[in-house]
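Given next are the chains, with one letter for each unit.
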Amino acid sequence: MPFFQSVKDYTKRHRKGLFITAAIGGGSYLLGRYATGKLRDLQEKAMTERVAKENLKRRFQQNQNDCVFTVLSLLPTLSDQILVEMNIEAAWAKLQESRKLEKKEEQLKRQLEQQQREKEEAEAAEAKTKAEEVEGEQRNENDENDEDNNTKVQTNGPLTEEKPELENSVGSLGASTATLADNEDTQSKILEGILDKKAKYLLWEEIKASSFTRTYTSIYSVTLLTLLTHIQLNLLGRFTYVWSVSVLNRSEPTIRLQHADEEPEGGFLDPQTERMFLSASWWLLHRGWRKCAERVKEAVDEVVGSVSLKRIFKYEDAEEIVTKLRQRIEYERDGTTPISFRTWMLPETDAEVQEFLLQTGFDADYLKTNDNENNNNNITLKRLLDETKDYIDSPDFFAVLQSCLDEVFAIFDHQAFGKALLPATATMDFSMAKIQEVNDDEPVNKVKKVTLANLLPAISRQAHLVIAGNEYLNAFAYIKELQAFSAMIYTQYGEEISQN
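Here we look at the overall build of the protein chain
At step 1: Counting its secondary structure elements, the protein chain contains 16 helices and 2 strands.
At step 2: Taken over 500 residues, the protein chain has a buried fraction of 37%.
At step 3: Considering only residue pairs separated by 6 or more positions, the protein chain has 86% of its internal contacts joining residues 24 or more positions apart.
At step 4: Total accessible area computed for the protein chain in this model is approximately 30,400 Å², and 53% of it derives from carbon and sulfur atoms.

In structure tokens, the structure reads:
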């Protein structure tokens, strides 16, 4: 008992201190629990945000890869039309065939001339032999005469015989000329297809105009197709991402995508509407590129039409031609107002929308139906097309287009002009550079000069490379402006979030 009494007395004496100690200890414990909870919440929030950002980044990157594969799948449709309707190879083949026939004609002429020379030599030898025989007979007859008469006969005899020999030579020459004329007539009949100078000139002019027109049309068409595909797929990717987030907000265990047999929910597109929206690229693939080709042809006729095929080009001259063509194509006559590419990329009127729907396998009267489901899909499709047009009309689109065209035309300059006009050291990798002895008598970099006619094969060949989707299409993957533009479209949730 004394122990408990002492404890009780100690508590009474120090109850204030004990109370303060207990308050501090309890407060510390509660504060620790609160701090631990807050720290756990912050960690979970940071982890959630990190997972969400990684998910968004993964989806966005996958969306950009889908854009590349989609463009690759559409390029054959574009190439089947451009390369067939602008068939420069047929003109080249016709020109080459004419050259082959000309070489064959020259060979035949040389053979005929050789045969004619051999015939003339044989006839001359035969005439000479006959003349010698006649001269020998005359000498034998005149041996019986006196020395003076013999000398006179020997002097006059050959002179009197020169006339028939000359007549024989003239006759053989006339016969040879007639034979040669007959051979030439036969040769002209056999070697049909040889072009005259006027036909060659017109064919070369056609090749010159078509080479620039086809290559520039291919470059602009592929670039616009790439931008249109990025806009379409990033718009659809935005809908899909917002819908997946809305599913997670409803405590779904995982992110799932909607199947074709499921009912559409708020913020997600109907599969039919999605397919119709993606089919809008048909307009550029079948109608828009023709409008592009018409404008390119006008620019080529204006800028390149007056340039002679024999004009000597330096690299600076080629760059000047490229710059003038781009200025004429991308801007109005004033040189400062950009043209609208929207009519090349998307249909403008309801009739044009119905046309591309019909051509892509959808019901042409789809937009005219009044039932609720089709009416909602109609509104959604129009809204998607209008939003796409808004992006195309924006200043950001033109800035991105300029960046893409700058990159593509840089490759075109290198492939078509750089290899032919720049010195070899200018196109070498700097890692391959070596210390070399410099001779003051010789220039280090010799400027190359080539005629326009010799540059045309490389120019026309670029259309195949552009549509093949090799180096040109790979260049779009490294354009930062295009990536930023796609990210801007992908992350503008706006109305989709409000719907959820």
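A closer look at the environment of A90
At step 1: Structurally, the position occupied by A90 is in helix α3 (residues 88-142).
At step 2: A residue is classified by how much of its surface remains accessible, and A90, at 42% relative accessible area, is partly exposed.
At step 3: As a C-alpha pair, A90 and I207 span 117 residues in sequence and 9.8 Å in three-dimensional space.

Overview of the packing of helix α8 (residues 315-330) against helix α12 (residues 395-421)
At step 1: Orientation of α8 relative to α12, taken along the N-to-C sense of each, is 150°, at an axis distance of 11 Å. Considered as vectors, α8 and α12 are oriented roughly antiparallel to each other. Seen from above, α8 lies across α12 with right-handed handedness. Contacts from Y315, A318, E319, V322, R326 and E330 in α8 reach F398, Q402, L405, D406, F409, F412, D413, F417, G418 and L421 in α12.
At step 2: Across the contact of α8 with α12, the residue classes break down as 9 nonpolar, 2 polar and 5 charged.

Concerning the pattern of salt bridges
At step 1: Applying the stated criterion to the full structure yields 15 salt bridges.
At step 2: Among the ionic pairs, E355 bridges to R287, the shortest N-O distance being 2.8 Å. Placement of the pair is E355 in helix α10 (residues 350-359) and R287 in helix α7 (residues 282-303), with a sequence separation of 68 residues.
At step 3: E355 sits in the partly exposed class, given a relative accessible area of 25%.
At step 4: On the accessibility criterion, R287 (30% relative accessible area) is partly exposed.
At step 5: A salt bridge links E320 to K324; the shortest N-O distance between them is 3.2 Å. Within this pair, E320 and its partner K324 are both found in helix α8, separated by 4 residues, close to a single helical turn.
At step 6: The exposure class assigned to E320 is partly exposed, which follows from its relative accessible area of 37%.
At step 7: Salt bridges here are not isolated pairs; linked through shared partners, they connect E298, E302, R328 and R333.

Quick word on the packing of aromatic side chains
At step 1: Per the stated rule, a full pass over the model turns up 11 aromatic pairs.
At step 2: Taking 5.8 Å as the distance between ring centres and 75° as the angle between the ring planes, the aromatic pair formed by Y216 and F412 counts as edge-to-face. One end of the pair, Y216, is in helix α5 (residues 197-249); the other, F412, is in helix α12, and 196 residues separate them in sequence.
At step 3: With a relative accessible area of 0%, Y216 lands in the buried category.

Some words on the environment of Y331
At step 1: Mapped onto the secondary structure, Y331 falls in the loop between α8 and α9 (342-345).
At step 2: Apart from residues no more than four positions distant in its own chain, Y331 is found in contact with R295, R326, T336, T337, P338, I339, F398 and Q402.

Digging into the side chain of Q402
At step 1: Within the element layout of this structure, Q402 appears in helix α12.
At step 2: Among the polar contacts made by the side chain of Q402, one reaches the side chain of E330 at a distance of 2.8 Å.
At step 3: In contact with Q402, other than residues within four places in its own chain, are R326, E330 and Y331.

Structural notes on the nonpolar core
At step 1: Judged by nonpolar contacts, the single largest core of 98 residues is most densely connected at F212, Y216, L325, F397, F412, F417 and L456.
At step 2: With sequence-adjacent residues up to four places away left out, F417 is seen in contact with Y315, A318, V322, F412, L422, L455 and I459.
At step 3: F60, Y241, Y490 and Y493 belong to the second largest nonpolar core, which has 5 residues in total.

Thoughts on a nonpolar patch on the surface
At step 1: Judged by side-chain polarity, F19, I20 and I24 come together as a nonpolar surface patch covering roughly 340 Å² of accessible area.
At step 2: Relative to the elements of secondary structure, F19 occurs in helix α2 (residues 15-85).
At step 3: Classification of F19 by relative accessible area gives exposed; the value is 62%.

Observations concerning the packing of α2 against helix α13 (residues 452-468)
At step 1: Taken N-terminus to C-terminus, the directions of α2 and α13 make an angle of 160°; their axes are 9 Å apart at the nearest point. Here α13 runs roughly antiparallel to α2, going by the angle between their axes. Crossing hand, α2 versus α13: right-handed. Across from L75, S79, I82 and L83 in α2, the residues of α13 making contact are A463, H464, I467 and A468.
At step 2: Taken together, the residues of the contact of α2 with α13 break down into 6 nonpolar, 2 polar and no charged.

A look at the environment of I467
At step 1: Its location among the elements puts I467 in helix α13.
At step 2: Note on I467: relative accessible area 5%, which makes it buried.
At step 3: For I467 and L75, which are 392 residues apart along the polypeptide, the C-alpha to C-alpha distance reads 6.1 Å.
At step 4: If we skip the residues at most four places from it in the chain, I467 touches L75, S79, I82, L83 and S218.

What counts and what doesn't
Counting restarts for each chain, with residues numbered from 1 along the sequence as it is written. Predicted model: local features are reported for residues with pLDDT of at least 70 only, side-chain atom pairs are reported and counted for 80 or more only, and whole-chain, interface and lining totals are derived from all residues. Working from all heavy atoms in the structure, the side-chain values ignore hydrogens and water. A run of H or I in DSSP becomes a helix once it reaches four residues, and a run of E becomes a strand once it reaches two; helices and strands are each numbered from the N terminus. Relative accessibility decides the category of a residue: with a 1.4 Å probe and only protein chains considered, values under 20% of the type maximum give buried, values over 50% give exposed, and everything between is partly exposed. Whether two residues touch is decided by their heavy atoms; if any such pair falls within 4.5 Å, the residues are in contact. Areas reported as accessible are Shrake-Rupley estimates using a 1.4 Å probe. Residue values count occlusion only from the protein chains shown. Angles shown run from 0 to 180 degrees and are taken between the N-to-C directions of axes, each axis being a line fitted to C-alpha atoms and, for helices, limited to the stretch in contact. Relative orientations are named as follows: roughly parallel for angles under 35 degrees, roughly antiparallel for angles over 145 degrees, roughly perpendicular for angles from 65 to 115 degrees, and oblique for any other angle. Two helices crossing with the near one rotated counterclockwise from the far one by less than a right angle form a left-handed crossing, whereas a clockwise rotation gives a right-handed crossing. When residue character is reported, Ala, Val, Leu, Ile, Met, Phe, Trp, Tyr, Cys and Pro are called nonpolar, Asp, Glu, Lys and Arg charged, and the others, Gly included, polar. The salt bridge criterion pairs a side-chain nitrogen of Lys or Arg with a carboxyl oxygen of Asp or Glu, the two atoms within 4 Å. Here a pair means two rings of Phe, Tyr or Trp (six-membered ring of Trp) with centres within 6.5 Å. Their orientation is stacked below 30 degrees between planes, edge-to-face above 60, and tilted elsewhere. Two N or O atoms count as a polar contact when they lie within 3.5 Å, although within protein this holds only if one can serve as hydrogen donor and the other as acceptor, and sequence-adjacent residues are included solely when both atoms are side-chain atoms. Throughout this description, the term nonpolar core refers to a set of buried Ala, Val, Leu, Ile, Met, Phe, Trp, Tyr and Cys residues connected via side-chain atoms within 4.5 Å. Each patch groups residues whose relative accessible area exceeds 30% and which form no salt bridge, using 9 Å between like charges and 5 Å between nonpolar side chains of Val, Leu, Ile, Met, Phe, Trp and Tyr.

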